[in-house]
Amino acid sequence: MTQVCIAAYVYGVVQGVGFRYNTQHQATALGLTGYARNLDDGRVEVLACGEQQAVDQLMAWLKSGGPRSARVDRVLVEPRGVAEYKGFSIRY
């Protein structure tokens, strides 16, 4: 099974609305590793590693707007080198 890693930058109303927590919940349910963290410019960075299909599912969830309390305007996705993470964490 092919492991992939991507970095997604989520724009919109995505801080202070439980976005990282909900992303962690979705990623963990999909068996992904990595992290979600707020950036100083108001975006959320999501780094996700795992099976291609699971990463695609998380990206579809992010692009569909994430949690109800959030408003996602756009998601930019960049490939990353495969890295080892223990679980999916929220970074501060």
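Residues numbered from 1 in each chain as written. Predicted model: local features only at pLDDT ≥ 70, side-chain atom pairs only at ≥ 80, totals over all residues. Heavy atoms only, no water.

Per an unreviewed UniProt entry, the recorded name for the chain is Acylphosphatase, and the organism is Serratia fonticola. Under the Catalytic activity (unreviewed entry) heading, UniProt states for the chain: "an acyl phosphate + H2O = a carboxylate + phosphate + H(+)". We quote the UniProt Sequence similarities (unreviewed entry) comment for the chain here in full: "Belongs to the acylphosphatase family." (UniProt positions renumbered as here; feature names shortened; annotations may be inferred.)

S.K.: What am I meant to see in the UniProt feature "domain: Acylphosphatase-like" (unreviewed entry) in the chain here?
M.R.: When the UniProt feature table is mapped to this numbering, "domain: Acylphosphatase-like" (unreviewed entry) covers residues 5-92. When the span residues 5-92 is considered, its composition is 26% helix and 42% strand, and the gap between its end C-alpha atoms is 20 Å. (Helix = DSSP H or I, 4+ residues; strand = E, 2+ residues; numbered from the N terminus.)

S.K.: Looking at this model, I keep getting lost on the sheet that holds strand E4 (residues 71-80). Mind explaining?
M.R.: Whether parallel or antiparallel, the strands of a sheet pair through hydrogen bonds between backbone atoms. Read across the open sheet, the five strands follow the order E4-E1-E3-E2-E5; overall the sheet is mixed. One side of each edge strand has no neighbouring strand; the edge strands of this open sheet are E4 and strand E5 (88-91). Each neighbouring strand pair of the sheet contributes to a mean axis angle of 20°, computed without reference to strand direction. Helix-sheet contacts for helix H1 (residues 19-29) involve strand E1 (3-13), strand E2 (33-38), strand E3 (44-51), E4 and E5, and the interaxial angle to E5 is about 170°. Across the face of the sheet, helix H2 (residues 52-63) comes into contact with E1, E3 and E4 while running at roughly 155° to E3. (Pairing = 2+ DSSP bridges. Axes fitted to C-alpha atoms, helices over the stretch in contact; angles between N-to-C directions. Contact = heavy atoms within 4.5 Å.)

S.K.: How should the nonpolar core be read in this particular structure?
M.R.: Among soluble globular proteins, nonpolar side chains are generally buried collectively. Ranked by internal contacts, the top residues of the largest apolar core, which has 23 residues, are Val10, Phe19, Val46, Leu58 and Leu62. Residue assignment for this core shows that the elements contributing at least two residues are E1, H1, E3, H2 and E4. Per element, the largest residue contribution to this core is six residues, and it comes from H2. For Val46, the residues in contact, after removing those within four places along its chain, are Ile6, Ala7, Ala8, Val10, Thr23, Tyr35, Ala36, Leu58, Leu62 and Phe88. Cys5, Ala7, Tyr9 and Cys49 belong to the second largest nonpolar core, which has seven residues in total. (Core = buried A, V, L, I, M, F, W, Y, C linked by side-chain atoms within 4.5 Å. Buried < 20%, exposed > 50% of the residue type's maximum accessible area, 1.4 Å probe, protein only.)

S.K.: Help me understand the state of the cysteines in this model?
M.R.: Here, the word disulfide means a covalent bond between the sulfur atoms of two cysteines. Overall, the coordinates contain one disulfide when judged by the stated rule. Through a disulfide, Cys5 is tied to Cys49; the S-S separation comes to 2.0 Å. One quick way to see it: the torsion about the S-S bond of Cys5 and Cys49 is about 115°, and its sign makes the bridge right-handed. Remark: Cys49 occurs in strand E3 and Cys5 occurs in strand E1; sequence separation between them is 44 residues. Residue Cys5 shares its accessibility class with Cys49, and that shared class is buried. (Disulfide = S-S within 2.5 Å.)

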